[in-house]
Amino acid sequence: FGSTGSIGKQTLEVLRAFPGEFEVVGLTALTNAELLDEQAKSLPGQTFLKPNTDEVKSLVNAADFIINAVPGFDGLAISLAAVRASTPALPRILLSANKESLAIAGKFLRQLAIETGAEIRPLDSEASAIWQLLTAGELNKKKNCGSKILLKKNEISSVTLTCSGGPFRGKTRAELEHVTVAEALAHPTWKMGPKVSIDSATLINKVLEVYEVHNLFDIPLRDIHVTIHPQSLVHSMVHTKSGATKMHITQNDMRLFISYALHYPEQPECPWPIERARRSEMDFAQPDPETFRSLKWLKLHGGNPNFPIILNAMNDLAVAKFLRGEISFLGIYDFIEEGLDRYLYETPPKNLEELLQFHKKITHSLTSHP
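Criteria and cut-off values
Residues numbered from 1 in each chain as written. Predicted model: local features only at pLDDT ≥ 70, side-chain atom pairs only at ≥ 80, totals over all residues. Heavy atoms only, no water. Helix = DSSP H or I, 4+ residues; strand = E, 2+ residues; numbered from the N terminus. Rg over C-alpha atoms; globule rule 2.2 N^0.38 Å. Buried < 20%, exposed > 50% of the residue type's maximum accessible area, 1.4 Å probe, protein only. Areas by Shrake-Rupley, 256 points an atom, 1.4 Å probe, with all protein chains shown as cover. Lys, Arg positive; Asp, Glu negative; His and termini not counted. Charge placed at Lys NZ, Arg CZ, Asp CG, Glu CD. Core = buried A, V, L, I, M, F, W, Y, C linked by side-chain atoms within 4.5 Å. Contact = heavy atoms within 4.5 Å. Pairing = 2+ DSSP bridges. Axes fitted to C-alpha atoms, helices over the stretch in contact; angles between N-to-C directions.

**Student:** Before we move on, could you go through the overall build of the protein and cite the residues and values that matter?
**Tutor:** A tally of regular secondary structure across the protein gives 14 helices and 9 strands. Compactness check: the protein gives a C-alpha radius of gyration of 20 Å against a globular reference of 21 Å for 370 residues, within 12% of the reference. When the backbone C-alpha atoms are referred to their principal axes, the protein occupies close to 55 × 50 × 40 Å. Of all 370 residues assigned to the protein, the portion counted as buried reaches 55%. Taken as a whole, the protein presents about 17,100 Å² of accessible surface, with 52% of it coming from carbon and sulfur. The positive charge centre, built from 39 side chains, and the negative charge centre, built from 42, are 4 Å apart in the protein.

Here it is, written out as structure tokens:
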């Protein structure tokens, strides 16, 4: 799902690199009909432009692996359909690059996955790196992820998620007053779609990843840290109570993480050139929460279960407004803060249905009265 986006295109590169191992049963896109048609000509399988509910169900029922590369809240419907389609006799494996669905509904999806036999594997580089570190060596002998992982909590002190800092690393709030859309989209390390690129520029993606890791691996929020690492060589770290730090280090190529999730637990030889280190320095620094306010919100509101839901809903709307030129870059934070002030202390949802209703209430009120 989302085959014409950045992750979708790279997933197809991975599939082509391993001919005969996987069969493509379907491809979907939101708007890029031309590229979807080109992909369909090179790969067998059904294609759908902006699939409806029945078409989504048809595809997930036909597949063993469901790749969710749809950004934003819309991706939750894909994740939910994939997990619901699973049965203990015919389990489905959800490979999700949609951090939003795992951040806001991860605990509900995991519980449902336990009931249906589904498996959830992250494609995000940071969450995948944590997964790989936890399933390697003696930290975790269980070769599962998502719904089935059992952490040895007595061995883990904390984890650290790295981020490049985006295009505005080191900038002050005053310096971000008049940045353009083009400047915000110019990520220094990764090639990503517009929504993910803006989330990286605001560092809101990092807050969502904190919740993604929290929900996938049962790691307490207080034990998940964020650090700036501009070289993007270290993708995550696991700190043990024995005093050791285990780092996941590789080149910044999403195909490596996609291939890992597809082939897990066995891993084939890498078909792409492996970049050897050309310099030895690796820098780490603390992000500025006064400039990148999402990190301040995480510290203030992290324990409130409504926080990631409101953050995600408001951010989807704010990013769309920014890309259309309706608000400034810093206006993204201002817009989200309005939603936090309005909805943070409402009764938290107890299940997926209530979560969906809560999200609908937030977005409907804002789109009805912009």
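Text resumes after the structure shown.
**Student:** Quick rundown of the nonpolar core? Include the residues and the values.
**Tutor:** Counting residues in each nonpolar core, the largest one holds 107 residues, and the members touching the most others are I130, V213, F307, F329 and I336. Ranked by residue count, the leading element in this core is helix α12 (residues 307-323), at 9 residues. When residues no more than four places from it in sequence are discounted, the contact partners of I130 are V159, L161, V213, F217, I219, S236, M237 and V238.

**Student:** How would you sum up the pairing of strand β7 (residues 224-228)? Please name residues and give values.
**Tutor:** Of all 5 residues in β7, 4 are buried; the element is thus mostly enclosed. Note: strand β6 (residues 156-163) against β7, 5 bridges, orientation parallel. By the bridge assignment for β7, V159 is matched with I224.

**Student:** Describe in detail the sheet that holds strand β8 (residues 234-240), supporting the description with residues and values.
**Tutor:** Read across the sheet, 4 strands follow the order β7-β6-β8-β9 without closing on themselves; strand pairing throughout is mixed. With one partner strand each, in any of the chains shown, β7 and β9 (245-249) form the two edges of the open sheet. Neighbour-to-neighbour, the strand axes of this sheet turn through a mean angle of 20°, independent of strand direction. Examined bridge by bridge, β6 and β8 share 5 bridges and lie antiparallel to one another. For I156, the partnering residue across the bridge sits in β8 and is T240.

**Student:** So what's going on with the sheet that holds strand β5 (residues 119-122)? Residues and values would help.
**Tutor:** Within the open sheet, the 3 strands sit side by side as β3-β4-β5. Their pairing is parallel. The outermost strands of the open sheet, each flanked by one partner alone, are β3 (65-68) and β5. Strand-to-strand, the axes of this sheet are offset by a mean angle of 20°, without reference to chain direction. Judged from the 4 bridges that link them, β3 and strand β4 (residues 93-96) form a sheet pairing that is parallel. Considered in β4, the bridge of F65 is made with I93. Against the sheet, helix α10 (residues 254-263) engages β3, β4 and β5, with an angle of about 160° to β5.

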